[in-house]
Amino acid sequence: MNLKKYFVRALHRLQKGPGYTYKELLVWYCDNTNTHGPKRIIKEGPKKKFIWFFLTLLFASLVFWQWGILINTYLSYNVTSSLSIGFKTMKFPAVTVCNANPFKYSKVKHLLKELDRLIEAALERILQPTSGNSSENISPPLDLELWNQIPLVLIDEHDKDNPIILDIFERNQTSVGNETAADNKATVGNETSMGNETTAAPAPTNTTSEEKKYKLAVKLCSQQGSDNCTYRNFSSAAQAVSEWYILQSTSILSKVPLQERIRMGYQAEDMILACLYGAEPCNYKNFTQIYHPDHGNCYIFNWGMDEEALNSSNPGAEFGLKLILDISQQDYIPYLSSAAGARLMLHQQKSFPFLKDQGIYAMAGTETSISVLVDELERMGYPYSDCTMNGSDVPVKNLYSQYNTSYSIQACLRSCFQNDMMEICGCGHYMFPLPEGVNYCNNEDYPGWAYCYSSLRSSIRHRQICIDSCKETCNDTQYKMTISMADWPSEASEDWIFHILSYERDMSTNVTLDRNGIIKLNIYFQEYNYRTISESAATTIVWLLSSLGGQFGFWMGGSVLCLIEFGEIIIDSLWITVIHLISWCKGLKQKRAQARYPDAPPTVSELVEAHTNLGFQHEDAGALPRDEALPPEPGTPPPNYDSLRVQPLDILGPDSDADTE
């Protein structure tokens, strides 16, 4: 009870200045605040009071509107990019060189023999269609089981509304004119739906170019012999043949062990004929070998895995890397590699080279000079951008970590696609790393893998999921290349150069090299100036506070102290609310007491007498008669008040009470 009284008194002391009502508090605030406007509201006449009230409300609204814009701008976490140029000794980039052809044809010919016979026969029927070109007339017979797994078909588009699908290796053939177009519909596009196949031969050779409206397409089915098929058609038969050959060869090579695939590729001692870094000679032993599914054996110079990365002492061609490569173009796989040359890429140390996306070609019979400029990118992390430092916060499992390489968004995207491939198709694609316990896709074990792969690759939803899951790296180094080429060697010097290179490689006095297989590379820093593109926060907490204060001061002449005053009035309002709640609770308690005693509450003497004299008991309406009244309720007997007298009863006389009065 004492604590309650102390609390109430404390509340009253705190409210002694402003007042005990909201109106008194508001008047006190307007009279004492340092903010412009409220004072004029209480001191001016009725008309001016209304004008100042309107102006104060208007400018206060403008302040809060501007504050909302400023806070929203700050929470958007925008960044500004700054460019700075520095000068220092830089690490020479890692250089990856590969052959455009992944395998030597002489070593994989036994694996691709039936595939080559099929495509040669198919091209013969497409280019020279005659009635006698049936698969029965070819000796030895073709492996049509391999063909039927992923076949090539012709789409007759003479009637664009009802295209007809023509099987190339069908035994019983009929003419196109005898077919009913209404029963052989197929949608023509990059991905076409299944249509009824027609056993028809291509158009005769004497048709004009306007009449030849055939497209070569790759037929992909979920299961062999299934009606659930799609047709990937192409504008050129060359594209269709290349795509078909890649799918079929992928199925065949996926069953070959890795070490055997490495053996069938180009070896470093055969490919790297000469090497010079600055003034120091080097050879193929200074390169690190990795197997790349697209290009076979690739070799990386200055990767930094086992040794410290090399520094470049000076800019210029004389202080860079010089290579002479032999790509052995005469041993290319004819239907797999349509481009000849070397594929190379400059990248950071300990990063995986994605040559298919970021690599460049060097043409055979040329000297290619590549001058390099360095750009260093520094991005701000969360919340300014969704970048990652090392990929540890990316939900996608990085399958390229088996190479002990650093994180990159290319590795993440490919790992995400391979994970989806394994989950949906049940096998992994040959072009991407494979985790333990999963097999590569092939036609025998997974007949519908090509259909599943094609559907997944064209799926925008899955692609967007991978894009949303992967993150850019916060720090990155990019190499800007300027490329120039010249014929090499010249006609005047090619004789002695080819003799020397042939002797050094084969220990033969005969020339075993020619212009179609030789490439010379010069890679060097153009200058030591490097550019750093860094991000910084466009809005900081200092900017936010100064902007908020500027708007408040401009519109209402306020400051931080005015905000403290406003906070004070809020606290005082809360105290007044607490006092009103306490008063309301006390009033509610009194109302409950009045409901218990409708009349005036009895005195103490009346309560005492009520225990001894039933006549003083309050009787309700309709109570029992006195002779039938209930006995008094048992309870604690009243105290013996006679014991409080100063003198005993036997000493006092009978008139003692009268004398006292």
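Bear in mind the structure is a predicted one, so any value in this text is a computation, not a measurement. (Residues numbered from 1 in each chain as written. Predicted model: local features only at pLDDT ≥ 70, side-chain atom pairs only at ≥ 80, totals over all residues. Heavy atoms only, no water.)

A word on the packing of helix α11 (residues 409-425) against helix α12 (residues 449-457)
Then, number 1: α12 packs onto α11 with a crossing angle of 135 degrees between their chain directions and a minimal axis gap of 10 Å. Here α12 runs oblique to α11, going by the angle between their axes. The two elements α11 and α12 meet at a crossing, and its hand is right-handed. Between α11, through F417, D420, M421, I424 and C425, and α12, the contact on the second element is made entirely by W449, C452, Y453, L456 and R457.
Then, number 2: Looking at the contact of α11 with α12 residue by residue, the class counts come to 8 nonpolar, no polar and 2 charged. (Axes fitted to C-alpha atoms, helices over the stretch in contact; angles between N-to-C directions. Helix = DSSP H or I, 4+ residues; strand = E, 2+ residues; numbered from the N terminus. Parallel < 35°, antiparallel > 145°, perpendicular 65-115°, else oblique. Left-handed = near helix turned anticlockwise from the far one by under 90°. Contact = heavy atoms within 4.5 Å. Nonpolar A, V, L, I, M, F, W, Y, C, P; charged D, E, K, R; others polar.)

Re a nonpolar patch on the surface
Then, number 1: Together, M363, I483 and M485 make up a nonpolar patch on the protein surface, roughly 300 Å² of accessible area in all.
Then, number 2: Here M485 is to be found in strand β19 (residues 475-487). (Patch = residues over 30% accessible without salt bridge, like charges linked within 9 Å, V, L, I, M, F, W, Y side chains within 5 Å. Areas by Shrake-Rupley, 256 points an atom, 1.4 Å probe, with all protein chains shown as cover. Salt bridge = Lys/Arg side-chain N within 4 Å of Asp/Glu carboxyl O.)

Remarks on the state of the cysteines
Then, number 1: Tallying each qualifying case throughout the model produces 8 disulfides.
Then, number 2: C98 shares a disulfide with C298; S-S distance 1.9 Å. A torsion of 120 degrees about the S-S bond marks the disulfide between C98 and C298 as right-handed. Linking C98 in strand β2 (residues 94-99) with C298 in strand β12 (residues 296-301), this pair joins segments that are 200 residues apart in sequence.
Then, number 3: Overall, C98 belongs to the buried group, its relative accessible area being 0%.
Then, number 4: Judged by its relative accessible area of 0%, C298 is buried. (Disulfide = S-S within 2.5 Å. Buried < 20%, exposed > 50% of the residue type's maximum accessible area, 1.4 Å probe, protein only.)

Concerning helix α14 (residues 494-506)
Then, number 1: The end-to-end C-alpha distance of α14, which contains 13 residues, comes to 17 Å, matching closely the 18 Å that a straight helix rising 1.5 Å per residue would cover.
Then, number 2: Those residues of α14 lying buried are I497, F498, L501 and S502. Burial along α14 is one-sided: seen end-on, the buried residues are contained in an arc of 125 degrees. When the buried face of α14 is taken as reference, the exposed residues oriented beyond 90 degrees from it are D495 and E504.
Then, number 3: A positive backbone phi angle near 55 degrees is found at M507, which sits one or two residues after α14. (Expected span 1.5 Å × (residues − 1). Arc of directions from axis to C-beta.)

Re the pattern of salt bridges
Then, number 1: Applying the stated criterion across every chain yields a total of 15 salt bridges.
Then, number 2: Ionic pairing is found between E243 and R232, a salt bridge with its closest N-O pair at 2.9 Å. Remark: R232 occurs in strand β8 (residues 229-233) and E243 occurs in helix α7 (residues 237-253); sequence separation between them is 11 residues.
Then, number 3: Notably, a salt bridge pairs E318 with K322, separated by 3.7 Å at the nearest N-O pair.
Then, number 4: Note on E318: relative accessible area 54%, which makes it exposed.
Then, number 5: Accessibility expressed as a relative area gives 23% for K322, which makes it partly exposed.
Then, number 6: Each of R232, E243 and R457 takes part in salt bridges that share partners, so that together they form one network.

Comments concerning the sheet that holds strand β15 (residues 360-362)
Picture the strands of a sheet paired through backbone hydrogen bonds; they go either parallel or antiparallel.
Then, number 1: With antiparallel pairing, 5 strands are arranged side by side in an open sheet as β11-β12-β2-β14-β15. Looking at strand neighbours, the two that pair on one side only are β11 (287-292) and β15, the edges of this open sheet. Taking the axes of each pair of neighbouring strands and ignoring which way they run, one obtains an average angle of 30 degrees across the sheet. (Pairing = 2+ DSSP bridges.)

As for the packing of helix α4 (residues 46-75) against helix α15 (residues 541-556)
Then, number 1: It is at 9 Å that the axes of α4 and α15 come closest, and there the two elements cross at 165 degrees. With respect to their mutual orientation, α4 and α15 come out roughly antiparallel. The hand of the α4/α15 crossing is right-handed. Contacts from T56, F59, A60, L62, V63, Q66, W67, L70, I71, T73 and Y74 in α4 reach I541, W543, L544, S547, L548, Q551, F552, W555 and M556 in α15.
Then, number 2: For the contact of α4 with α15, the class distribution of residues is 15 nonpolar, 5 polar and no charged.

Thoughts on the packing of aromatic side chains
Then, number 1: Scanning all chains against the criterion turns up 24 aromatic pairs.
Then, number 2: Both rings, one in Y245 and one in Y335, keep their centres 5.6 Å apart while their planes meet at 40 degrees; by these two values the pair is tilted. One end of the pair, Y245, is in helix α7; the other, Y335, is in the loop between β13 (321-326) and β14 (342-347), and 90 residues separate them in sequence.
Then, number 3: Owing to a relative accessible area of 22%, Y335 belongs among the partly exposed residues under this scheme.
Then, number 4: Plain terms: the ring middles of F554 and W555 are 4.9 Å apart, the flat faces sit at 80 degrees to each other, and that makes the pair edge-to-face.
Then, number 5: Clustering of aromatic rings is evident, with ring pairs tying together F87, F92, Y277, F287, F301, F525 and Y528.
Then, number 6: Cation over ring: K88 sits above Y530, and NZ or CZ is 4.8 Å from the ring centre.
Then, number 7: Note that R343 overlies the ring of Y361, its terminal NZ or CZ placed 4.3 Å from the centroid. (Phe/Tyr/Trp six-rings, centres within 6.5 Å; stacked < 30°, edge-to-face > 60°. Lys NZ or Arg CZ within 6 Å of the ring centre and 35° of its normal.)

Here we look at the pairing of β8
Across a regular strand the side chains alternate sides, sitting on one face of the sheet and then on the other.
Then, number 1: Counting buried positions over the 5 residues of β8 gives 5, a clear majority of the element.
Then, number 2: Judged by which residues are buried, β8 turns out to be covered on both faces: C229, Y231 and N233 on one side and T230 and R232 on the other are all buried.
Then, number 3: Bridge count between strand β7 (residues 214-221) and β8: 5 bridges; the pairing is antiparallel. Counted as the bridge partner of C221 is C229 from β8.

Points about the environment of A339
Then, number 1: Within the secondary structure, A339 sits in the loop between β13 and β14.
Then, number 2: According to the relative accessible area criterion, A339 is partly exposed, its value standing at 34%.

Let's talk about helix α13 (residues 460-469)
Every α-helical turn comprises 3.6 residues, leaving residues that sit three or four positions apart pointing alike.
Then, number 1: Burial in α13 covers these residues: H462, C466 and S469. The arc that holds the buried residues of α13, viewed along the axis, is 65 degrees, so those residues lie on one side. Away from the buried face of α13 by more than 90 degrees, exposed residues I460, R461 and D468 are located.
Then, number 2: For α13, the elements touching its buried residues are α11 and α12.

Quick word on the confidence of the model for the protein chain
Then, number 1: Put simply, the protein chain has an average pLDDT of 81, and 79% of its residues get 70 or more.
Then, number 2: Predicted confidence is poor over residues 171-211, with pLDDT under 50, and the contacts of this stretch with residues over four places away or in other chains come to 91 contacts.
Then, number 3: Residue range residues 656-661 is modelled with pLDDT below 50. Its contacts to residues more than four positions away, or to other chains, number 0 contacts. (pLDDT = per-residue confidence, 0-100.)

A short note on the side chain of S534
Then, number 1: Turning to its location among the elements, S534 is positioned in strand β21 (residues 529-537).
Then, number 2: Those residues in contact with S534 that lie beyond four places of it in its chain are T80, S81, S82 and E378.

A look at the pairing of strand β4 (residues 164-167)
Then, number 1: Burial of the side chains of β4 extends over both faces: I164 and L166 are buried on one face and I165 and D167 on the other.
Then, number 2: Sheet topology places strand β3 (residues 152-156) next to β4; 4 bridges connect them, and they run antiparallel. Among the inter-strand pairings, D156 is bridged to a residue of β4, identified as I164.

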